[in-house]
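Chain and residue survey
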Amino acid sequence: MMANTFLNILSNNCPHCHEGKVFDEKSPFLSIGFPKMHKNCPKCNYKYEKEPGYFFGAMYMNYGITVAQSIATYVIAQQFFTERFDLRIIPIIAVVIIGLSSFNIRLSRMLWIYMFKNYSV
Ligand SMILES: [Zn+2]
């Protein structure tokens, strides 16, 4: 059950019918830029944005994910440098974070939708 939920989140599937796509794109995790979201599920008409500003909280989640990735990148990159605080690690972190930013926006919104789907009417 948990594995299914995880797969549905990664595939950007609708939390209600698990068939419609939440984002209006062909290759959900590869495109760059801010993702376009469907207002309602194309299959079951489930409304994703419950109210204006519904995804405000997802921004905090996105922030948390980004911080975690920065730390992980630092820990990995550090292995390749002799100095503990090599300044060259900073652009590496920047590239990783920019590369993952679009993925992170989707992931945080998907997590947000799935977290609160049980409380919706
Ligand atoms: Zn649906």
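What comes next concerns the included structure.

1. Considering helix α2 (residues 56-78)
When the terminal C-alpha atoms of α2 are compared, their 34 Å separation across 23 residues agrees well with the 33 Å that a helix rising 1.5 Å per residue should span. All of the buried residues along α2 are Gly57, Ala58, Met61, Asn62, Ile65, Thr66, Gln69, Thr73, Ala77 and Gln78. For α2, the elements touching its buried residues are α3 (89-116).

2. Considerations on the pattern of salt bridges
If you walk through the whole model with that rule in mind, you get two salt bridges. Residues Glu19 and Lys43 are paired through a salt bridge, measuring 4.0 Å at the closest nitrogen-oxygen approach. Here Glu19, found in the loop between α1 (2-10) and α2, pairs with Lys43, found in the loop between α1 and α2; they are 24 residues apart in sequence, far enough to count as distant. For Glu19, a relative accessible area of 54% translates into the label exposed. Among the residues examined, Lys43 registers a relative accessible area of 59% and is labelled exposed.

Criteria and thresholds
Residues numbered from 1 in each chain as written. Predicted model: local features only at pLDDT ≥ 70, side-chain atom pairs only at ≥ 80, totals over all residues. Heavy atoms only, no water. Helix = DSSP H or I, 4+ residues; strand = E, 2+ residues; numbered from the N terminus. Expected span 1.5 Å × (residues − 1). Buried < 20%, exposed > 50% of the residue type's maximum accessible area, 1.4 Å probe, protein only. Contact = heavy atoms within 4.5 Å. Salt bridge = Lys/Arg side-chain N within 4 Å of Asp/Glu carboxyl O.

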